[in-house]
Structure formats: C-alpha cells, structure tokens
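# Structural overview for review
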Amino acid sequence: MRNVPSSGEPIDLIDLKFLPAWVKEDWSATRHAGFEGEEERAHWSPEGMERRPRPPRYRRDDEKNHRRRDRGERDQRKPLDRKDRKRSSDFPARREAPAPPVLPQLDVHFLPQAAAFENVAAQIKTGTAAYSVYALARLFLQKPERYHVRVKTKNASPLFRLGESNAIATNRNGLENSAFRVLRDNFYTTNVTLNDPIKGDFSSVARERTTGTLLGPTNHHGYQPQLRRLYEQRFSRRMTFTDFQRQIEIVSDPALVEQWKEEARKVTTFTTRQEEPPQTFNAETETERHFREKYLPTLISETGETEIDGVTSRKLSDRGIARVIENAWSAEVRSPSNMMQELAGRFRGAGLQIFRHRKGILFVSPIRLKAIDETAVSDSVRQILETLKTSPRINRKELAEKFIRPDTEVAEAEKTKLALASDLHWMIREGYVIEFNDGSLDLPRAKPPKKEPSEVGTDLPLETAAATTEPAATLTDAPTTEQSLVAAAVTGGSTDVSAVIPSREDNASPARTEGPRERPDVGDQM
C-alpha cells in the first residue's frame, strides 16, 4: 500500500485491490523516452535483423530411426495415433506400495514384574490411602523393567526359544543366526591384548558407511581380512559382497587414522568356559563356528507359550513378534484392562482390599470398608459424615476450614483441630471414611443390604454408608501413636495453620461413640 500523504489527501482505495503493477502504471508518458535514438535504430536496423547461419542437424537420431524401421519398430519421428496420444496424456502409472508383512498370530498379555509388585504392595500396606488400580496398571506399563510379557501362539505354528534366555522367534533360522551374539558371554571368555603400535604413514582409512566401522587403509595387509570378516558377521545375510563393497568409503582424516591404529593394536581371543581343557580361538568367526557345532543344537526348543521380560521384548531380533508386542502394548496403555485384572487378583492375594467407588472405578486399599451406624456416634463424628455427604472429595485442609470459623480464638481453634484430627484418623482406620492417595476424602459407596428369603420381592431402602468390598482378609490395626496421628493430619507438608494438627498433650478429644459402641478418648489411651 501507499503511504498516507502528509497533507491529509484521501487514500486511493485501488491499492487495496492488490492489482498487478502493470495495471497501475501510467501509460500517458512515453515508455521508451529514455532510450537513445541510435540504439533504437541499431536495434531495428536491417543489419541487426540478420539471422545467424543454422548449424547442421545432428544425424544420429536419423540413423537410430533407420535401424528401428529395419527391425519393424516405430519411428520416433512418426506422429502418434489417437490411441497412443490418449495413453501418453494420462498420468504415469503409480508404483504399488509393497504389501505389509504378515504378522504372526499371537496372544500377548502383560504381567506385573514380581519384585516391582511386591514393592508397590508393601508401600500400600504401610499407609491408609486408597489407590486407583487403573493408575497403577499404567504405572507398571510405563517402563519395561516393571512388566513381563506372556506370548502364546493362536495356531499350530510353534515358537522357538533359545535356551534359558528370553530370545524367542517364529523362525528357527533367524534364531540360530542371532544365538552366538546373545549367548557368547555364557560360553566363552573374551580376552583383549595390545600389540606393538602400527608403523607407517597412512593418509586415509576405509570406513563402512552405515556402521562407521574403520577397516584400515586399503594398502594395509589387514584390510582385506577385516573387510571379509565384517561382511560375514553383519551383512552376509542381507546383501551380496559386491553391494557391501559399495558401502565402503575412503576418508582422509588424520584423527580417524590414529583411531584405527589404536583399534588395530587390540587382539581379541575367545576361550571356552565349559570345556576341559579349555580351547582358545583367535577369530570371532572360528568361535562362532565352534559354538554352532558344539552347543547350538541342544539350545533351541519349541514351545506354544512362553514368558519374557519387558526389556527383552523391546530388543527381539524377530521383527514380527516385536511388532505384535508393540501393537499390544500400545492398546494396553490406552485401556489397561488385562493389567488391571492381573493386579486386582494379586492384590487380593497379598491381603489388600479391592473395591469400586464412584462411576465403578476400581481402587485398592489396606483397609476394609464398613458401614457406620450414625445413630450411635458422637455429634462430632456425625458432623464429619454430614460434611462429607454434602462436599465429597474434599481434603483435610478444606474440612478443617468448614469446622473452624475465621473469628474463632486461637486456643479454641487448636482444640477443634485436635478433635477433628483424632476423629478423622479413627474413621479412616476403621474403614468408615476413604482417604485417597491425592489427599481427598469421601464416604464408601452405598449398596442395598442382602435380602432374607422371606423378603424377596420387597423393596428395602439403601443403607446410608454401606461398603462395597469383596471378601478378603482384614488387617490388624496397629496401635495409634502420637507420631502417626500428626502425620496423618498434615496434608502434603502444608504450613497452613488449618492443616497443622497440634500434639495431643495439650487437649483431649471428645468421645466419638455413645451407648454400646462408645470408644474411649484418645487421651485415655496415653
């Protein structure tokens, strides 16, 4: 756009149409007024219009066309007929994408690793919080060190397993090719010694392009054996030796030359571990040949179902099994139903309680939930229950703010906080209140009571706070100590006064129950 004139003239709106420059150009003036007359006359003079002589045509195409006509082929200079013209105007044929590889038919299940599960179960037992089984399942699936993978075939094709290792494959030949690399340290001891420094001046060194392996100068006596050794070990099953040679490049770098000299000084030998007397081999190819003849025939076994650790499942040489496990893991992370089912069964076996809460979400807790009779409790306990009914999922700090008004005296506020902490701690330990691992509090989900045979068909009201737990062994309550009471009352290390619970030495909490369920004061237990 043009700049606004300083005199306040109206803006020409034609600039807002973004027309090309030649439309907005002033055609009233002579376009070539600046040209010199002599140059213009020279440009249009007959001398300037003379054409240069045309070079002779190249006759090679004619010779080719003559040969094609002799063989009965079409002349390139001959115009195409209507059918050929139509075909030539079409788009070139697209290359068909290769078909995806056929994956093996396998059932994959993920299991919690034993040591990791025991650690998690022990941590849950030491506290009073309830944890989401869904969140725990995803926690186990986050890292391969925390789970195992159970693989089972769906058809008659077996799985091949390499000894006691976690290496599995659907193809026996593929497993045999990787067996020496996987089990070499189990059967052989690797010894590395240094020879004298290599003498001679070398200006370049050969390097394999994909792996970066230095092979040495091409005029060195060890170049050809090293080249052949690298091909046999890593590339012989994928390409020909000619294709492999195309991947070799010559690099003129003094630093790489020195690096090759240091690597070439190392001499590696392999000594057997399980033979008497032990044998020593100077080359890795000889060692692998001995391994295939001596140990490999008895190491590979067939199975229809096997279990491997998570770390190995991500490093399998069989790409088909690795892809199936990867797809199953992605689906399990999105919806970990199988892992949740496995965790729930193991938590029950460890003495923990599994229950469903709001929206049917599965939780695990060290405390078995129970119903509470609101008619046989103290006013302070009843007030906590009513508060949790009207404000579910609140934390300890928010609960204390509802019980203590801002204008309450300091001494009275401290006494109220101590009583609230004592009552709440007792209710959580007894299973009347649920405390989740994020610090929120709630009442157990209600369920209808069991009907007697004579009452079948009658409608009974729901109990106010009935727990929905599955049968499991209850844990014995540990003696309540002053340290555990204070630690249970403080939420997340907050320094707010409503979250800090004083010691019970200052005040005693009132009784929480009345009648036959009367519970002595916390101060009476000291």
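Residues numbered from 1 in each chain as written. Predicted model: local features only at pLDDT ≥ 70, side-chain atom pairs only at ≥ 80, totals over all residues. Heavy atoms only, no water.

On to the overall build of the protein, then. Assigned secondary structure in the protein consists of 18 helices and 18 strands. Residues counted as buried form 33% of the 526 residues belonging to the protein. When the accessible area of the protein is evaluated, it comes to approximately 34900 Å², of which 49% is carbon and sulfur surface. (Helix = DSSP H or I, 4+ residues; strand = E, 2+ residues; numbered from the N terminus. Buried < 20%, exposed > 50% of the residue type's maximum accessible area, 1.4 Å probe, protein only. Areas by Shrake-Rupley, 256 points an atom, 1.4 Å probe, with all protein chains shown as cover.)

This part takes up the side chain of Asp-442. Checked against the element boundaries, Asp-442 lands in strand β18 (residues 440–442). Side chain to side chain, Asp-442 and His-357 meet in a polar contact 3.0 Å long. In terms of polar contacts, Asp-442 uses its side chain to reach the side chain of Arg-358, at 2.6 Å. The residues touching Asp-442, leaving out its near neighbours within four places in the chain, are His-357, Arg-358, Leu-388, Pro-392, Arg-393, Val-433, Ile-434 and Phe-436. (Polar contact = N/O pair within 3.5 Å; in protein donor to acceptor, adjacent residues only side chain to side chain. Contact = heavy atoms within 4.5 Å.)

Our next topic: the packing of aromatic side chains. Tallied over the full model, the rule gives 16 aromatic pairs. Both rings, one in Phe-117 and one in Phe-347, keep their centres 5.1 Å apart while their planes meet at 35°; by these two values the pair is tilted. Highlighted residues: Phe-117 in helix α5 (residues 114–125) and Phe-347 in helix α14 (residues 337–349), separated in sequence by 230 residues. Three or more aromatic residues joined by ring pairs make a cluster, and in this case those are Phe-180, Phe-187, Tyr-188, Phe-291 and Tyr-295. Above the ring of Phe-241, the side-chain terminus of Arg-228 is found at 3.9 Å from the ring centroid. Across the ring face of Phe-436, the terminal group of Arg-393 is positioned such that the distance to the ring centre comes to 4.3 Å. (Phe/Tyr/Trp six-rings, centres within 6.5 Å; stacked < 30°, edge-to-face > 60°. Lys NZ or Arg CZ within 6 Å of the ring centre and 35° of its normal.)

This part covers the nonpolar core. With 33 residues, the main nonpolar core has Phe-110, Val-149, Ile-325, Met-339, Leu-343, Phe-347 and Val-364 as its most contacted residues. For this core, the elements supplying multiple residues, two or more each, are β1 (106–112), α5, α6 (133–142), β3 (147–153), α13 (319–334), α14 and β15 (362–365). (Core = buried A, V, L, I, M, F, W, Y, C linked by side-chain atoms within 4.5 Å.)

What follows concerns the confidence of the model for the protein. Across the protein, the average pLDDT comes to 75, with 66% of residues at or above 70. Here residues 455–526 is a poorly scored stretch, pLDDT under 50, and it has 135 contacts once near neighbours within four places are set aside; other chains count. (pLDDT = per-residue confidence, 0-100.)

Between the first and last C-alpha of α14 there are 19 Å, a value that for 13 residues agrees with the 18 Å anticipated at 1.5 Å per step. Just past α14, the residue Gly-351 takes up positive phi, approximately 90°. (Expected span 1.5 Å × (residues − 1).)

Let us now look at the environment of Ala-129. Its location among the elements puts Ala-129 in the loop between α5 and β2 (131–132). Using a relative accessible area of 15% as the deciding quantity, one classes Ala-129 as buried. Between the C-alpha atom of Ala-129 and that of Ile-434, which follows or precedes it by 305 residues, the distance is 7.5 Å. Once residues lying within four places of it in the same chain are set aside, the contact partners of Ala-129 are Val-364, Ser-365, Pro-366, Glu-435, Phe-436 and Asn-437.

Taking 1.5 Å as the rise per residue, helix α8 (residues 223–235) with 13 residues should run 18 Å; its terminal C-alpha atoms sit 17 Å apart, in good agreement. Contacts from the buried residues of α8 go to β7 (205–208), β8 (214–216), α9 (241–245) and β9 (248–251).

Below, the discussion takes up the pattern of salt bridges. Following the criterion strictly, the structure yields 22 salt bridges and no others. Arg-393 is paired through a salt bridge with Asp-438; the nearest N and O atoms lie 3.6 Å apart. Of this pair, Arg-393 sits in the loop between α15 (379–390) and β16 (394–395) while Asp-438 is found in the loop between β17 (434–435) and β18, placing the two residues 45 residues apart along the sequence. Since its relative accessible area comes to 36%, Arg-393 is described here as partly exposed. Note on Asp-438: relative accessible area 54%, which makes it exposed. Three or more residues are tied together by salt bridges with common partners; here these are Arg-184, Asp-185 and Glu-284. (Salt bridge = Lys/Arg side-chain N within 4 Å of Asp/Glu carboxyl O.)

Bringing the environment of Gly-351 into the picture now. Within the secondary structure, Gly-351 sits in the loop between α14 and β14 (353–356). Taking the C-alpha atoms as reference points, Gly-351 and Ala-121, separated by 230 residues in sequence, lie 9.3 Å from one another.

Empty space left among the atoms is revealed by rolling a probe the size of a water molecule over them. Space inside the largest pocket adds up to approximately 1000 Å³. Around the largest pocket, the lining comprises 29 residues; the ones closest to its centre are Gln-226, Arg-229, Glu-263, Lys-266 and Thr-268. Counting residues per element, the ones that place at least two in the lining of the largest pocket are β6 (188–194), β8, α8, α10 (254–264) and β10 (266–272). Broken down by element, the residue count for the lining of the largest pocket peaks at 6 residues, all from α8. In this structure, the second largest pocket encloses a volume near 900 Å³. Counting residues per element, the ones that place at least two in the lining of the second largest pocket are α7 (172–187), α8 and α11 (284–294). Broken down by element, the residue count for the lining of the second largest pocket peaks at 7 residues, all from α7. The class makeup of the residues in the lining of the second largest pocket is 4 nonpolar, 6 polar and 9 charged. (1 Å grid on protein atoms, 1.4 Å probe; cavity = no way out; pocket = protein on both sides within 12 Å on 5 of 7 lines; lining within 4 Å. Points joined across faces, edges and corners; volume = space filled by probe spheres on them. Nonpolar A, V, L, I, M, F, W, Y, C, P; charged D, E, K, R; others polar.)

Right, let's get into the sheet that holds β3. If you trace the 3 strands from one edge of the open sheet to the other, you get β1-β3-β13, paired in antiparallel fashion. With one partner strand each, in any of the chains shown, β1 and β13 (305–309) form the two edges of the open sheet. In this sheet, adjacent strand axes meet at a mean angle of 20° when their direction is disregarded. Two elements, β3 and β13, share 5 bridges in a ladder whose sense is antiparallel. Across the sheet, residue Arg-150 finds its bridge partner in β13, namely Glu-307. (Pairing = 2+ DSSP bridges. Axes fitted to C-alpha atoms, helices over the stretch in contact; angles between N-to-C directions.)

The subject of this paragraph is unusual backbone geometry. Look at the link from Glu-276 to Pro-277: it is a cis peptide, with omega at -5°. In this structure, Pro-277 sits in the loop between β10 and β11 (280–281). We note that Lys-359 has phi near 60°; this positive angle belongs to a residue other than glycine. Among the secondary structure elements, Lys-359 is positioned in the loop between β14 and β15. According to the relative accessible area criterion, Lys-359 is exposed, its value standing at 85%.

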